[in-house]
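For reference, the chains in residue letters:
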Amino acid sequence: MSARVLVLGSGGREHALVWKLAQSPLVNHIYVCPGNGGTANTPKTENLDLPLVAPHYQQVVKFAVQNDINLVLPGPEEPLVLGVEKSFRKVGIPVFGPTALAARMEGSKAFSKAFMDRHAIPTAKFRTFSSSQVEEAIEYVRTCGYRTVLKASGLAAGKGVLIPETTEEAVEGLRQIMVANAFGAAGNEVVVEELLHGPEISVLAFSDGYTIVPLPAAQDHKRIGEGDTGLNTGGMGAYAPAPVATPAIMDRIMKETLRPTIDGMRKEGFPFVGLLFVGFMLTDSGPKALEYNVRFGDPETEALVLLLSDDVDLAAVLLACAERRLDSVQISIRPGFAVSVILVSGGYPGSYTKGERIDIGEIPSDVVVFHCGTALNGGELVTSGGRVLAVTAAAPSLEEALASVYAAVDKISFAGKVYRRDIAHRALAPAKTSSKCLTYEQAGVSVDAGNSLVESIKPYVRATKRVGSDAEIGGFGGIFDLKAVGYKDPLLVSGTDGVGTKLRIAIEAGIHSLVGIDLVAMSVNDLLVQGAEPLYFLDYYGCSKLDVPVATDVVKGITDGCQQAGCVLIGGETAEMPGMYLDGDYDLAGFAVGVVERELVLPRNIIEGDVLLGVASSGLHSNGFSLVRKIISLTGLTHSSPCPWDATKTVGKSLLEPTRIYIKQVLPTAKKGLIKGMSHITGGGFIENIPRVLPKGLGCYVDASTWELPPVFQYLMKEGGVAPLEMARTFNMGIGLVVIVGKEECENVLNALRAEDLGVPLYKIGEVTGTSGLEMRNLEHWGRSNNDNVEDKTLI
């Protein structure tokens, strides 16, 4: 692909993005509208002098069509809030940026705060008032009981926030916003919220509406004066990563804010595609969201682009987001720190002169100078804005990066140059020694939560009681009385397995009660194929932070599976390991032990001509889900979408249909010695699993025309363009267990299996042959519709 990119904007943020885009081998040319003196001299890049006029942006859209633009990247928030994404989408040009509906998250603070409230996202206490509710707002600030912050709800060029020192100042601030219209239409609604205390950080994250990938947290410096004094500005500098944003803090931010935000926006019908930039206050009770922005931050972006590894292709990342496939690209971060120091015009953020000549001397090789407010005047570089240049460097240590930046600042001159000499001072301040004694819980592990889980699952575990065990948990180890089960010459059989990436669907869909059945099924079905009766089961549940209701749901599913298999849940391990998993994620593993009489161990005595019987699966079972998730993502379906292959369910509920447990249907027949071998069709499908039970020198064939392909497999094969043979080596295709029997016993076995469970279809699907390997016959049958193939099925 040879991409042609259009960037909208003229600041340091846009120059930094263009600088990184120009390094992409995918990018052929970059246009910047209107751009600045820095973008004009960037490789592959030229500036455009076209008006950006809402709501249709006709001239720039026309230019994009005529010049085969492949991707549009709006820099500032205003075009996004006013609907620029739709203007380009209507002509088929993808935009890295949200729709106007999604951009309300920045365009209306009242809307975004209400969203946070609906989705239980940690934020400050607040109330919203319309301009006609001045007296109600005044009464609120007088009686709410906390110091307030006043925010104009609409866009106010970053100036619509007041932090009054006293109640009377708050009252006067409300009158200025709501009566005197100090911020114009932006003040038609006002958010009055609690003043939070703590360090502030900025988290910028890529999203395609489903996946969200945060960059290192940054800290910017809003005040014009050193020591964070003076008037607010658009930003006097930034650095990243901010040491206060520890891995534990970032995990909480992902779990409590970023993931719920992306999921909530999608579920409410306005999925977010682009760069979500969230400001946080790190309070004593944890990170709380201050506000949403729907574009790259400035000056955070200037520092963050230098932290992207050389192998990160920014154009590929932006296109992946726009095409809803962010999980297909890697975003890696180089070790170390990046710093950006902003040089501003004298008088800023008040009035200042423009057109001052800029001289840039010899800059250290590890420094990049991004242009914020510059222009070319007759070939001469001059100032054209309040914030003029962003001098930026990355280095292994913060001190080294700062040294390089300030060395470069000394090489740059223009009349009235102002900058702060204390950027990153918060990170460099000596750490205060805490007098508090740390606890295990403060390290992220809650013993109380673990005890609560044990108590909540005990009733479910007791329900799995069987001969040989009383199903009581809480000791150091589980005890099973093998003698009590009455075997004469027993052999123990063990198996262990997990659920794979089916867990990801359970976590994203919020349905946790079914994967526990899968966990049991994967192990006990493996015992069954050796003729063994499952006796007991143990589970492992690993997570970063134990969510007792979720873990209880999972264990309840495990006990349901144990009851279906006739085994006892004899024990398990719950591991809460902060930093090992993402918040909200968990992992499962299971271990099962069974018993079989020595003389009945399978496989045995398989010969050429023996019959392969297929026992129907319940659906996908627990294998192939990496491919399943990829196909579903390409269709644009969500887990809450109506299921196209089963109108009675959602996509998530259908995909999570538990693996069928075959113990009660098949084990009695195996104990009678009527079965020669079995194969559990798991990862590897027919191709890998059936040959595992055949003696050396023998093979088999499977006739795909002997059963009806379930709709879920038809859908995946069609939408994913997956070849039938690839399907057969990945999925069970509707047959979860293959039973091998002698021809003379075939009818007896069929009758016995029917007698145990009439609801599970059985098929004759093939035979054992004298040639090694497995032959799949009539695969073309899977490519036809169900109705076309009724006459070809051999359902028995």
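### Concerning the overall build of the chain
Then, in step 1: Within the chain, the secondary structure is distributed over 24 helices and 33 strands.
Then, in step 2: For the chain, the spread of C-alpha atoms along the three principal axes comes to 100 × 60 × 55 Å.
Then, in step 3: Evaluated residue by residue, the chain yields a buried proportion of 55% over its 796 residues.
Then, in step 4: Working note: accessible area of the chain is about 33200 Å², and carbon and sulfur atoms make up 51% of it.

### Notes on the pattern of salt bridges
Then, in step 1: Taken as a whole and judged by the stated rule, the model has 36 salt bridges.
Then, in step 2: Note that Arg252 and Glu256 form a salt bridge whose closest N and O atoms lie 2.9 Å from each other. Of this pair, Arg252 and Glu256 both sit in helix α9 (residues 247-267), four residues apart, roughly one helical turn.
Then, in step 3: Residue classification places Glu256 among the partly exposed residues on the basis of a relative accessible area of 22%.
Then, in step 4: The partner of Arg334 in a salt bridge is Asp310, with the nearest N and O atoms 2.8 Å apart. One end of the pair, Arg334, is in the loop between α11 (314-322) and β17 (337-344); the other, Asp310, is in the loop between α10 (300-307) and α11, with 24 residues separating them in the sequence.

### Overview of α11
Residue pairs three or four apart in sequence face the same way in an α-helix, which turns once every 3.6 residues.
Then, in step 1: Of all the nine residues making up α11, nine are buried; the element is thus mostly covered by neighbouring parts of the structure.
Then, in step 2: Listing the buried residues of α11 in full gives Leu314, Ala315, Ala316, Val317, Leu318, Leu319, Ala320, Cys321 and Ala322.
Then, in step 3: The elements touched by buried residues of α11 are α1 (12-21), β2 (27-34), β4 (71-74) and β9 (200-207).
Then, in step 4: Backbone nitrogen of Ala315 and a side-chain oxygen of the N-cap are separated by 3.1 Å at the start of α11; the cap is Asp313.
Then, in step 5: Once α11 finishes, Arg324 follows within two positions and takes phi at roughly 60°, a positive value.

### Quick look at the packing of helix α7 (residues 134-143) against helix α8 (residues 167-178)
Then, in step 1: Their axes nearest at 9 Å, the elements α7 and α8 cross at an angle of 160°. With respect to each other, α7 and α8 are oriented roughly antiparallel. Crossing angle aside, the handedness with which α7 passes α8 is right-handed. Note on element contacts: α8 touches α7 through Thr167, Glu168, Ala170, Val171, Leu174, Arg175 and Met178, opposite Val134, Ala137, Ile138, Val141 and Arg142.
Then, in step 2: Taken together, the residues of the contact of α7 with α8 sort by class into eight nonpolar, one polar and three charged.

### Focus on the packing of aromatic side chains
What characterises a pair of aromatic rings is the spacing of the ring centres plus the angle enclosed by the ring planes.
Then, in step 1: Following the criterion strictly, the structure yields 18 aromatic pairs and no others.
Then, in step 2: Note on Tyr140 and Tyr146: the rings are 6.4 Å apart at their centroids and 80° apart in plane angle, and the pair reads as edge-to-face. The pair formed by Tyr140 and Tyr146 is uniform in burial state, with each residue classed as buried.
Then, in step 3: A ring pair is formed by Tyr541 and Tyr586, whose centres lie 5.2 Å apart and whose planes are at 15°; its orientation type is stacked. Taken together, the residues Tyr541 in strand β25 (residues 533-543) and Tyr586 in strand β27 (residues 586-597) connect sequence positions 45 residues apart. This pair shows no difference in class: Tyr541 is buried, exactly as Tyr586 is.
Then, in step 4: An aromatic cluster of three or more residues is present, and its members are Phe111, Phe115, Phe270 and Tyr292.
Then, in step 5: Seen from the ring of Phe111, Arg118 lies directly overhead, with NZ or CZ sitting 5.9 Å from the centre.
Then, in step 6: Taking NZ or CZ as reference, Arg421 lies 4.7 Å from the ring centre of Tyr419, over its face.

### A few points about the pairing of strand β31 (residues 735-741)
Then, in step 1: For β31, a buried count of seven out of seven residues is recorded, marking the element as mostly surrounded by other parts of the structure.
Then, in step 2: In this sheet, β31 lies alongside strand β28 (residues 611-616) in antiparallel orientation, the contact comprising six bridges. Bridge pairing in β31 places Val615 opposite Leu737.
Then, in step 3: Relative to β31, strand β29 (residues 677-680) runs antiparallel, the two sharing four bridges. Bridged to His680 within β31 is Leu737.

### Looking at the nonpolar core
Nonpolar side chains in soluble globular proteins generally cluster together in the buried interior.
Then, in step 1: By size, the foremost hydrophobic cluster in this structure holds 108 residues, and its most contacted members are Tyr586, Met678, Phe686 and Trp782.
Then, in step 2: Discounting chain neighbours no more than four positions away, the residues touching Met678 are Leu528, Val529, Leu602, Val666, Ala670, Val693, Leu737, Val738 and Val739.

### Brief notes about the side chain of Ser87
Then, in step 1: Mapping Ser87 onto the fold places it in helix α4 (residues 84-89).
Then, in step 2: Within the structure, the side chain of Ser87 is placed 3.4 Å from the backbone oxygen of His56, a separation counted as a polar contact.
Then, in step 3: Apart from the residues within four sequence positions on either side, Ser87 is in contact with Pro55, His56, Tyr57 and Val61.

### Side note on the sheet that holds strand β8 (residues 189-194)
Hydrogen bonds along the backbone pair up the strands of a sheet, which may run parallel or antiparallel.
Then, in step 1: One open sheet accounts for four strands, arranged β5-β8-β6-β7; its pairing is antiparallel. Among the strands making up the open sheet, the edge pair consists of β5 (126-130) and β7 (161-162).
Then, in step 2: Where helix α6 (residues 109-118) meets the sheet, its contacts fall on β5, β6 (148-152) and β8, and the angle it forms with β8 comes to roughly 45°.
Then, in step 3: The strands touched by α8 are β5, β6, β7 and β8; relative to β6, the strand with the most contacts, the crossing angle is about 5°.

### Points about the side chain of Thr283
Then, in step 1: Summarising the element assignment, Thr283 is placed in strand β15 (residues 274-283).
Then, in step 2: Thr283 sits in the buried class, given a relative accessible area of 14%.
Then, in step 3: Those residues in contact with Thr283 that lie beyond four places of it in its chain are Leu196, His197 and Lys288.

### Here we look at the sheet that holds β17
Then, in step 1: What the five strands build is an open sheet, ordered β11-β14-β17-β22-β19; its pairing is antiparallel. Pairing within the sheet leaves two strands with one partner each, and these edge strands are β11 (219-220) and β19 (367-371).
Then, in step 2: Summarising the sheet, strand β14 (residues 237-240) and β17 pair through four bridges and their orientation is antiparallel. Within β17, the position partnered with Ala238 by the bridge is Ser340.

### So, unusual backbone geometry
Then, in step 1: Here Cys33 and Pro34 are connected by a cis peptide whose omega angle stands at 5°.
Then, in step 2: The residue Pro34 is located in strand β2 in this model.
Then, in step 3: Look at the link from Ala54 to Pro55: it is a cis peptide, with omega at 5°.
Then, in step 4: Position of Pro55 relative to the elements: it lies in the loop between β3 (45-47) and α2 (58-66).
Then, in step 5: Positive phi is not limited to glycine here, since Asn181 has a value of about 55°.

### With respect to the packing of helix α16 (residues 515-528) against helix α17 (residues 548-565)
Then, in step 1: Axis separation between α16 and α17 bottoms out at 6 Å; the angle between their running directions is 40°. Classified by the angle between their axes, α16 and α17 sit oblique to one another. By crossing handedness, the relation of α16 to α17 is classed as right-handed. On the side of α16, the interface is formed by Gly516, Ile517, Leu519, Val520 and Val524, while α17 contributes Val554, Gly557, Ile558, Asp560, Gly561, Cys562, Gln564 and Ala565.

### Some words on α7
Then, in step 1: For α7, the complete set of buried residues consists of Val134, Ala137, Ile138, Tyr140 and Val141. Looking down the long axis of α7, one finds its buried residues gathered within 160° of arc, a one-sided arrangement. Along α7, exposed side chains directed more than 90 degrees from the buried face belong to Glu135 and Thr143.
Then, in step 2: Where α7 is buried, its residues contact β5, β6, α8 and β8.

### Side note on the confidence of the model for the chain
Then, in step 1: Mean pLDDT for the chain: 92, with 96% of residues reaching 70 or above.
Then, in step 2: This stretch, residues 431-435, has a pLDDT under 50; its non-local contacts, to residues over four places away or in other chains, come to zero contacts.
Then, in step 3: Low pLDDT, under 50, characterises residues 785-796; the stretch is placed with 26 contacts to residues that sit more than four places away or in other chains.

Basis of the calculations
Positions within a chain are numbered from 1, following the residues in the order the chain's sequence is written. Only residues with pLDDT of at least 70 get local features here, since the model is predicted, and only at 80 or more are side-chain atom pairs given and counted; chain-wide, interface and lining totals rely on the full set of residues. Hydrogens and water molecules were not included; the side-chain quantities draw on all heavy atoms of the structure. Only DSSP runs of H or I with at least four residues qualify as helices, and only runs of E with at least two residues qualify as strands; both kinds are numbered from the N terminus onward. Under the scheme applied here, a residue whose accessible area is under 20% of the maximum for its type counts as buried, over 50% as exposed, and between as partly exposed, the area being computed with a 1.4 Å probe on protein chains only. To measure how exposed things are, a 1.4 Å probe is used in the Shrake-Rupley method; for residues, cover is taken only from the protein chains shown. Criterion for a salt bridge: a side-chain nitrogen of Lys or Arg within 4 Å of a carboxyl oxygen of Asp or Glu. Contact criterion: two residues are considered in contact whenever any of their non-hydrogen atoms come within 4.5 Å of each other. Polar contacts, as used here, are pairs of N or O atoms within 3.5 Å; protein pairs need one atom able to donate a hydrogen and one able to accept it. Residues neighboring in sequence count only if both atoms are side-chain atoms. Whenever a helix is involved, its axis is fitted only over the stretch in contact; in every case the axis is a line through C-alpha atoms, and angles between N-to-C directions fall within 0 to 180 degrees. Orientation labels follow simple angle bins: below 35 degrees gives roughly parallel, above 145 gives roughly antiparallel, 65 to 115 gives roughly perpendicular, and whatever is left gives oblique. What makes a crossing left-handed is the near helix being turned counterclockwise from the far one by less than a right angle; a clockwise turn instead makes it right-handed. Gly counts as polar in this scheme, as do all residues outside two lists: the nonpolar Ala, Val, Leu, Ile, Met, Phe, Trp, Tyr, Cys and Pro, and the charged Asp, Glu, Lys and Arg. Only Phe, Tyr and Trp rings take part, Trp by its six-membered ring, and two of them pair if their centres are within 6.5 Å. Stacked means planes under 30 degrees apart, edge-to-face means over 60, and tilted covers everything else. Each ring is checked for a lysine NZ or an arginine CZ that lies within 6 Å of its centre and within 35 degrees of its normal; such an atom marks a charge sitting over the ring. Strands pair, by our definition, only if DSSP identifies at least two bridges between them. Here the nonpolar core consists of buried residues drawn from Ala, Val, Leu, Ile, Met, Phe, Trp, Tyr and Cys, with membership extended through side-chain atoms lying within 4.5 Å. The directions considered for the arc run from the helix axis to the C-beta atoms. Along the chain, pLDDT gives the predictor's confidence residue by residue, from 0 to 100.

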